[in-house]
Amino acid sequence: MSLETLWLALLGLLLAGYFVLGGYDYGAQMLSPFLGSADAGPRPDAGTGTGAGAGPGTGAGPGGRNAALDAIAPFFLGNEVWLVAFAGVMFGAFPHLEGSLLSGLYPLIVAILAGLVLGNAAIQLRGRSRGPRAVKVWNALVVLGGALPAVCWGIVVGLLLHGVPRRADGSFHVGAGEVFGPFALTCGVATALLFAGHGAAFVALRSEPGTAATARRMGATLLAAAGGAGALALLLSLFGAGASMSRTGTSVVLFVLVVAAIAAGWWYLDRGRDTLAFTATCLATALPVLLIGAGQYPYLLSASSGGGITVDDAVADEATLKVLIGFGVVIVPLILLYQGWSWWAFRGRTGRRHPSYF
């Protein structure tokens, strides 16, 4: 295996990992108004004080605990390390891709980062609210912080599958016409629905029985809707208004696998098999990254008019890749070890035995 192939595989692994881990964060945020504190009960750190986020004897004031946010609480900041690592690999190993991708998709990248900042701040500050109006504002920002990045990531996926417009000087640029085009918007909606279903599967896996049952019902509905949106994207592609893939056979196989994973997630949620349902939705959220990489190969950024930036065009020189091996050998295993430890440390379902993190 060549160095450029190794780094390309690592780039895809990090982005797929972020879609899986960040995806359920976004999903849980979007579902937080519908998955409240049915099973939360008194929290262990509750007292009888009247401080922010505490009610007399219950530990849950107007900004009290929320089952969906409790489920992601130990993980959501750590999950973003995958996005940071992805950006680091792209900057270091594929500098020419970074320049074209970030400048070409600038409005969407800014929207994604704004959503991340708003969502993270709202999750941590909602429990400090001192009135129902403030709580409503923070809760709305929690939902926006999940929905905005989810939709924008879906639009990015749609644009990468369709091809990004290229100017006469060779630069890539995305305008309103491309962002709000039917295929890109369909991919945005499909991704948001998929992430929401993925988040529901995670909440079902982590929550007490009452909340888990509600999350299963919502998740099954959302995954069915995501499948419908995916079918519309396929229909647009068949009529020449959707994806334009350089490797059609590979793309068809991967699309079928995405559909199968969504269907499996729906099936297992409907039957209360939470672990298998979450495994299926993990695959469904990771496979679109493989669809872009393998379906568009050798292009990393394809132009809507044909051609684009190939792996050879985007990759750094061999000497740089060798220097960066130290990053891959040290940082990636550390990320995996930390992620594995956090999942083990916070395993099991949330509930009364858990403190409220926010």
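In what follows, the accompanying structure is described. (Residues numbered from 1 in each chain as written. Predicted model: local features only at pLDDT ≥ 70, side-chain atom pairs only at ≥ 80, totals over all residues. Heavy atoms only, no water.)

Omega for the bond connecting Tyr297 with Pro298 falls within 30 degrees of zero, at 10°, which places this linkage in the cis form. Mapped onto the elements of the fold, Pro298 is located in the loop between helix H12 (274–296) and strand S1 (299–302). (Helix = DSSP H or I, 4+ residues; strand = E, 2+ residues; numbered from the N terminus.)

Note that S1 and strand S2 (residues 308–310) share three bridges and pair antiparallel. Looking at S2, one finds that Tyr299 is bridged to Thr310. In textbook terms, the turn of a hairpin is the stretch between consecutive antiparallel strands, and for S1 and S2 this stretch comprises five residues, one of which, Gly306, has a positive phi near 110°. (Pairing = 2+ DSSP bridges.)

On to the pattern of salt bridges, then. Should their charged atoms come close, side chains of opposite charge can pair. If you walk through the whole model with that rule in mind, you get four salt bridges. With a closest N to O distance of 3.1 Å, Arg349 and Asp274 form a salt bridge. On the criterion of sequence distance, the pair formed by Arg349 in the segment after helix H14 (318–345) and Asp274 in helix H12 is long-range, its members being 75 residues apart. Taking the relative accessible area as the measure of exposure, Arg349 reaches 33% and is therefore partly exposed. For Asp274, a relative accessible area of 5% translates into the label buried. The closest approach of N and O atoms between Lys322 and Glu318, which form a salt bridge, is 3.7 Å. Within this pair, Lys322 and its partner Glu318 are both found in helix H14, separated by four residues, close to a single helical turn. Bridged by salt links that share partners, the residues Arg216, Asp274 and Arg349 form one connected network. (Salt bridge = Lys/Arg side-chain N within 4 Å of Asp/Glu carboxyl O. Buried < 20%, exposed > 50% of the residue type's maximum accessible area, 1.4 Å probe, protein only.)

By the element assignment, Gln339 lies in helix H14. Given the relative accessible area of 7%, Gln339 is considered buried. Setting aside its immediate chain neighbours within four residues, Gln339 contacts Leu21, Gly78, Asn79 and Trp82. (Contact = heavy atoms within 4.5 Å.)

Helical periodicity: at 3.6 residues per turn, an α-helix aligns residues three or four positions apart in one direction. An ideal rise of 1.5 Å per residue puts 42 Å on 29 residues; helix H1 (residues 3–31) measures up with 42 Å between its terminal C-alpha atoms. Most pronounced at Gly22, the bend in H1 amounts to some 30°. Buried residues dominate H1, accounting for 23 of its 29 residues. (Expected span 1.5 Å × (residues − 1). Bend = angle between axes of the 7 residues up to and from the residue.)

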